[in-house]
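Residue-level structure breakdown
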Protein chains: 2
Amino acid sequence: MNSVNETTRDRRRIETQDRILTEARRLFAETGYDRTTIRAVAAAAQVDPGLVMHYFGSKQQLFARAAETESRPIVEGTAEEVAEQLLERLRASLIDEPVASLAVLRSMLTHPDAADEVRGNAHVRGSNIGKAIHGVDGALRADVLSAVLIGVVLGRHLLKLDQLADADPDKIVELLGPAVRSLTKG
Amino acid sequence: MNSVNETTRDRRRIETQDRILTEARRLFAETGYDRTTIRAVAAAAQVDPGLVMHYFGSKQQLFARAAETESRPIVEGTAEEVAEQLLERLRASLIDEPVASLAVLRSMLTHPDAADEVRGNAHVRGSNIGKAIHGVDGALRADVLSAVLIGVVLGRHLLKLDQLADADPDKIVELLGPAVRSLTKG
DNA sequence: AATTTCGTTCTACGGTCGTTGAATGACTCC
DNA sequence: GGAGTCATTCAACGACCGTAGAACGAAATT
């Protein structure tokens, strides 16, 4: 059989790899790097632990693959426009929990090696915000902004602060509007 | 020997327990619950692992003891006053990293059991902010505020975002002033 | 000085982990 | 339809973990 038609084997292999990766992502996000075991990922994906190793090489490489996210568009424009884009991004992160990003975040906090595997992948560090913030202390204000937004997403999805976990995303975004705008303006 | 005079043994025992607790706190904060091993704590405190068990019963109880912090004073007053108190508290957390609180935070993110051991100890969840914020959505605004402040401390001490990790605490507090004030006001 | 107390170490068990390499058996191809 | 490929499983290893209990030796008590 030639290379354009995919065989049954090809289909099953890809399907299995996807299943492993999906479960890995979920587990890394839910329980962090250390407490996510190869064995647990394998069980969730209904395969043998050895198969996970065979496809991904090591736990570390599995994490790296699981942590891959489509790089987000760079925010840009005037201070007001940047603020609105960030708030919109926040709203999305409040509604759908950004599984891969949370996996990275949670694991960066637990396993330095996991963080190394991710460095330069800019969903956490800066989130491409840096270049969009101008004026005095632009870089610092960008980091503060990142920290603030990370804090809110973290508080809702990981810490599950009572009110924050249940609140209407629109309401949260509304409350944070002035705070975010005060930081985008130089 | 009676009970008012402390013996050499008493002194050495208390000294050893303190040493273990100090190292435990440091390690829990630095590497989180899972990656902090009883053996590592023991080695850092220069004692046998068994002694740690003997004094603290289990890893979980050791963590509970390490996570104890003096409960912080409740913030109160007008919206402006609350904002100033929170900013002052933030400044302190930016200068001296709050080791015990970070240990709790880091471990809450990695080990649910560790978090359970701490529930009701209010340094993270709410930080007693809740009752001080009045007006519409007071409880929610308190949680958002907690999340924002946690995010900044986290970004500086744990994630070590470039600019945020090195910046002058006063400068950070200054930048966050408007954001915090916008959230304390109903 | 003899005896008891107790702070501390030593040794070991059972369990789980990441990882490996051989074995298996269904699918592919000629 | 027989040979070969390859997705997958099986069994086992060495390492490290939390934990338990016996053993030791210096301080305390009598």
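For clarity, every value in this text was computed on a predicted model and none was experimentally measured.

Take the relation of the copies chain A and chain B next. Once turned by 180° and shifted 0.0 Å along the axis, chain A lies on chain B with an RMSD of 0.1 Å. Here the transformation between the copies is reduced to the relation of a two-fold axis. When the interface residues of chain A are mapped onto chain B, 100% of them again lie at the interface, so the same face is used by both copies.

Our next topic: the protein's contact with DNA strand D. As a structural note, the neighbourhood of DNA strand D is formed by 21 residues, with A:R9, A:T16, A:Y55, B:T8 and B:R39 the closest of them. Backbone atoms, meaning sugar and phosphate, form 65% of the atoms of DNA strand D found within 4 Å of the protein. Between DNA strand D and the protein, one listed contact pairs a phosphate oxygen with a backbone N or O atom of B:I38 at 3.0 Å. Among the secondary structure elements, those contributing two or more residues to the surface near DNA strand D are α1 (8–35) and α3 (49–56) of chain A together with α1 (8–35) and α2 (38–44) of chain B. Tallying contributions element by element places α1(A) first for the surface near DNA strand D, with four residues. Along the lines of polarity and charge, the residues of the surface near DNA strand D split into six nonpolar, seven polar and eight charged.

Turning our attention to the packing of α1(A) against helix α4 (residues 59–66) of chain A. Residue and element names in this part refer to chain A. Running from amino to carboxyl end, α1 crosses α4 at an angle of 105°, the nearest separation of the two axes being 9 Å. Taken together, the axes of α1 and α4 lie roughly perpendicular to each other. Two secondary-structure elements touch here, α1 through I20, L21, A24, R25, F28, Y33 and D34 and α4 through K59, Q60, L62, F63, R65 and A66. Tallied by class, residues from the contact of α1 with α4 come to eight nonpolar, one polar and four charged.

Moving on, we come to the packing of aromatic side chains. Residues and elements named next belong to chain A. With the rule as written, the count across this model stands at six aromatic pairs over all chains. Centroid distance F28 to F63: 5.0 Å. Interplanar angle 90°. Geometry classified as edge-to-face. Residue F28 is located in helix α1, and its partner F63 is located in helix α4; the two are separated by 35 residues in the primary sequence. The exposure class assigned to F63 is buried, which follows from its relative accessible area of 1%. The structure contains a cluster of three or more aromatic residues connected by ring pairs, namely F28, Y33 and F63.

A few words now on unusual backbone geometry. Residue and element names in this part refer to chain A. The phi angle at D137 is positive, at roughly 55°, despite the residue not being glycine. Along the polypeptide, D137 turns up in the loop between α7 (112–116) and α8 (138–157). Given the relative accessible area of 28%, D137 is considered partly exposed.

So, about the UniProt feature "DNA-binding region" (unreviewed entry) in chain A. In this numbering, the UniProt entry assigns the feature "DNA-binding region" (unreviewed entry) to residues 37–56 of chain A. As annotated, residues 37–56 of chain A has a helix share of 75% and a strand share of 0%, and its two end C-alpha atoms lie 14 Å apart.

Counting residues at the interface gives 41 residues for chain A, matched by 42 residues for chain B. Carbon and sulfur atoms make up 71% of the area that chain A and chain B hide from each other, which totals about 3,600 Å². Three residues stand out in chain A for area buried against chain B, namely A:L109, A:L159 and A:L175, and they jointly supply 18% of the buried area on that side. For the salt bridge of B:R35 with A:D34, the shortest nitrogen-to-oxygen distance reads 3.2 Å. Where chain A meets chain B, there are eight residue pairs in polar contact (both at pLDDT 80 or more). Counting residues per element, the side of chain A that touches chain B draws most heavily on α8(A), which supplies twelve residues. Among the residues forming the side of chain A that touches chain B, the class breakdown is 24 nonpolar, seven polar and ten charged.

All names here are of chain A. Within the secondary structure, G77 sits in the loop between α4 and α5 (79–95). Each C-alpha atom of the pair G77 and E174 lies 21 Å from the other, and the pair is 97 residues apart in sequence. Among all residues touching G77, those that are not within four sequence positions of it are V82 and H134.

Moving on to the side chain of B:H157. All names here are of chain B. Following the sequence through the fold, H157 ends up in helix α8 (residues 138–157). Here the side chain of H157 touches E97 through a polar contact of 3.4 Å, side chain to side chain. Apart from the residues within four sequence positions on either side, H157 is in contact with S93, L94, E97, P98 and L102.

Each full turn of the α-helix corresponds to 3.6 residues, which orients residues three or four apart in the same direction. Measuring from the backbone nitrogen of B:G50 back to the side-chain oxygen at the start of helix α3 (residues 49–56) of chain B gives 2.8 Å, which picks out B:D48 as the cap. Just beyond α3(B), the residue with positive phi is B:G57, at close to 85°.

Another aspect to go through is α8(A). With 20 residues, α8(A) ought to run about 28 Å at 1.5 Å a step, and its terminal C-alpha atoms sit 29 Å apart, in line with that. Of all the 20 residues making up α8(A), 19 are buried; the element is thus mostly covered by neighbouring parts of the structure.

Thresholds, definitions, all that
- Residues numbered from 1 in each chain as written.
- Chains lettered and ligands numbered in written order.
- Predicted model: local features only at pLDDT ≥ 70, side-chain atom pairs only at ≥ 80, totals over all residues.
- Heavy atoms only, no water.
- Least-squares fit on C-alpha atoms with pLDDT ≥ 70 in both.
- Contact = heavy atoms within 4.5 Å.
- Near = heavy atom within 4 Å.
- Polar contact = N/O pair within 3.5 Å; in protein donor to acceptor, adjacent residues only side chain to side chain.
- Helix = DSSP H or I, 4+ residues; strand = E, 2+ residues; numbered from the N terminus.
- Nonpolar A, V, L, I, M, F, W, Y, C, P; charged D, E, K, R; others polar.
- Axes fitted to C-alpha atoms, helices over the stretch in contact; angles between N-to-C directions.
- Parallel < 35°, antiparallel > 145°, perpendicular 65-115°, else oblique.
- Phe/Tyr/Trp six-rings, centres within 6.5 Å; stacked < 30°, edge-to-face > 60°.
- Buried < 20%, exposed > 50% of the residue type's maximum accessible area, 1.4 Å probe, protein only.
- UniProt positions renumbered as here; feature names shortened; annotations may be inferred.
- Buried area = accessible area lost by both parts, 1.4 Å probe.
- Salt bridge = Lys/Arg side-chain N within 4 Å of Asp/Glu carboxyl O.
- Expected span 1.5 Å × (residues − 1).

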